[in-house]
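For reference, the chains in residue letters:
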Amino acid sequence: MKTKLNIKANQLIDERNRISTEISRYWNIIATENVIKKGAKRNYDLKQLLIRIKALYDQSVIVKLRIQCANIGIKIKDLPKDANIINIYKLSAYNEYCVKLEETIRKHTINPIIKIKKGKKALAVTEELTNSYLTAEKNKNMLIVNKLRKDIEEFNNNTDVTDDTIPLFLVA
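Residues numbered from 1 in each chain as written. Predicted model: local features only at pLDDT ≥ 70, side-chain atom pairs only at ≥ 80, totals over all residues. Heavy atoms only, no water.

Enquirer: Tell me what's going on with the packing of aromatic side chains, and back it up with residues and numbers.
Expert: Under the definition given, this model contains 2 aromatic pairs. The interplanar angle of 50° and the centroid separation of 5.9 Å between the aromatic rings of Trp 27 and Tyr 97 together place this pair among those described as tilted. Placement of Trp 27 in helix α1 (residues 9-33) and of Tyr 97 in helix α3 (residues 84-107) is noted, with a sequence separation of 70 residues between them. For Trp 27, a relative accessible area of 6% corresponds to the buried category. With a centroid separation of 5.9 Å and an interplanar angle of 75°, the aromatic rings of Tyr 57 and Tyr 97 are classed as edge-to-face. (Phe/Tyr/Trp six-rings, centres within 6.5 Å; stacked < 30°, edge-to-face > 60°. Helix = DSSP H or I, 4+ residues; strand = E, 2+ residues; numbered from the N terminus. Buried < 20%, exposed > 50% of the residue type's maximum accessible area, 1.4 Å probe, protein only.)

Listed below in structure tokens is the structure:
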């Protein structure tokens, strides 16, 4: 027996907002817990938080697509797999992830030059997510961002909209 679950658009909007709030909360935790005084204890595994944040961005893409489909009157299962909106929402999510990684690198890591100059042991602070770790993560994700941008550009350059007759119900 198959159970049907009825979900309303407002529930999807609430879910999108919940995901966004959770992502922001986790970025704030990373900002406050990455560089701490030696001997202080972190409350979270920051590498696991990064994995969770990425999963939440992926979830947000699905929720946003479901909202978009509801707004245009189709089910997500009827969304064509090559719909450009999929790449647009993915690009937005991955781009935001990379921007937040860059912000974390700039503001919430130990400067590698200072670390080399003083020596890791002489520092009064410690970090879990190093500049090089976050840079590698950002670079890996920038490859995805670049591919998505290329796919969007190809779609926009190759999609023919010359016979795009406006339906009468849209004309005032």
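Structure's up, so let's keep going.
Enquirer: Describe in detail the nonpolar core, supporting the description with residues and values.
Expert: When a protein is soluble and globular, its nonpolar side chains tend to lie buried together. Formed by 28 residues in total, the largest nonpolar core has its most connected members in Ile 23, Trp 27, Ile 30, Leu 50, Ile 53, Tyr 57 and Tyr 97. Secondary structure elements with two or more residues in this core: α1, α2 (46-72) and α3. Those residues in contact with Ile 30, other than ones at most four positions away along the chain, are Leu 46, Leu 49, Leu 50, Ile 53, Thr 104 and Leu 129. Core analysis: the next-biggest nonpolar cluster, separate from the first, contains 6 residues, Leu 91, Tyr 94, Val 145 and Ile 152 among them. (Core = buried A, V, L, I, M, F, W, Y, C linked by side-chain atoms within 4.5 Å. Contact = heavy atoms within 4.5 Å.)

Enquirer: Could you give an account of the confidence of the model for the protein chain, with specific residues and numbers?
Expert: The predicted structure's coordinates, where accompanied by low pLDDT, should not be read in detail. This prediction gives the protein chain a mean pLDDT of 93; 97% of its residues lie at or above 70. Of all helices and strands in the protein chain, the one with the weakest mean pLDDT is helix α4 (residues 112-118) (91), whereas α3 scores best (98). (pLDDT = per-residue confidence, 0-100.)

Enquirer: Account for the packing of α1 against α2, naming residues and giving values.
Expert: One can describe the packing of α1 onto α2 by two numbers: an axis separation of 9 Å at closest approach and a directional angle of 160°. Here α2 runs roughly antiparallel to α1, going by the angle between their axes. In the crossing of α1 with α2, the sense of the turn from one axis to the other is left-handed. For the contact of α1 with α2, a count of residues per class yields 16 nonpolar, 2 polar and 8 charged. (Axes fitted to C-alpha atoms, helices over the stretch in contact; angles between N-to-C directions. Parallel < 35°, antiparallel > 145°, perpendicular 65-115°, else oblique. Left-handed = near helix turned anticlockwise from the far one by under 90°. Nonpolar A, V, L, I, M, F, W, Y, C, P; charged D, E, K, R; others polar.)

Enquirer: I'd like a rundown of the pattern of salt bridges, residues and numbers included.
Expert: Pairing between side chains of opposite charge can happen when their charged atoms approach one another. In total, this model carries 11 salt bridges according to the counting rule given. In this structure, Glu 103 engages Lys 100 in a salt bridge whose closest nitrogen and oxygen atoms are separated by 3.4 Å. Residue Glu 103 and its partner Lys 100 are located together in helix α3, separated by 3 residues, close to a single helical turn. The exposure class assigned to Glu 103 is partly exposed, which follows from its relative accessible area of 24%. The exposure class of Lys 100 is partly exposed, given its relative accessible area of 22%. Between Lys 140 and Glu 137 there is a salt bridge, and its shortest N-O distance comes to 3.2 Å. (Salt bridge = Lys/Arg side-chain N within 4 Å of Asp/Glu carboxyl O.)

Enquirer: Kindly report on a nonpolar patch on the surface, identifying the contributing residues and their values.
Expert: There is a patch of nonpolar side chains on the surface, built from Ile 166, Leu 168, Phe 169, Leu 170 and Val 171 and spanning about 620 Å² of accessible area. Summarising the element assignment, Leu 168 is placed in the segment after α5 (131-158). (Patch = residues over 30% accessible without salt bridge, like charges linked within 9 Å, V, L, I, M, F, W, Y side chains within 5 Å. Areas by Shrake-Rupley, 256 points an atom, 1.4 Å probe, with all protein chains shown as cover.)

Enquirer: I'd love a proper account of the environment of Glu 128, names of residues and values included.
Expert: Among the secondary structure elements, Glu 128 is positioned in the loop between β2 (125-127) and α5. Beyond its immediate stretch of four places on either side in the chain, Glu 128 contacts Asn 34, Arg 42, Tyr 44, Asp 45, Leu 46 and Lys 47. Reaching out from Glu 128, the side chain makes a polar contact with the backbone nitrogen of Lys 47 at a distance of 3.4 Å. (Polar contact = N/O pair within 3.5 Å; in protein donor to acceptor, adjacent residues only side chain to side chain.)

Enquirer: Mind laying out α5, listing which residues take part and the relevant values?
Expert: Over its 28 residues, α5 extends 40 Å from the first C-alpha to the last, a length consistent with the 40 Å expected when each residue adds 1.5 Å. When α5 is considered as a whole, its buried residues turn out to be Asn 131, Leu 134, Glu 137, Lys 138, Asn 141, Val 145, Leu 148 and Ile 152. If you follow the buried residues of α5, they end up packed against α2, α3, α4 and β2. (Expected span 1.5 Å × (residues − 1).)

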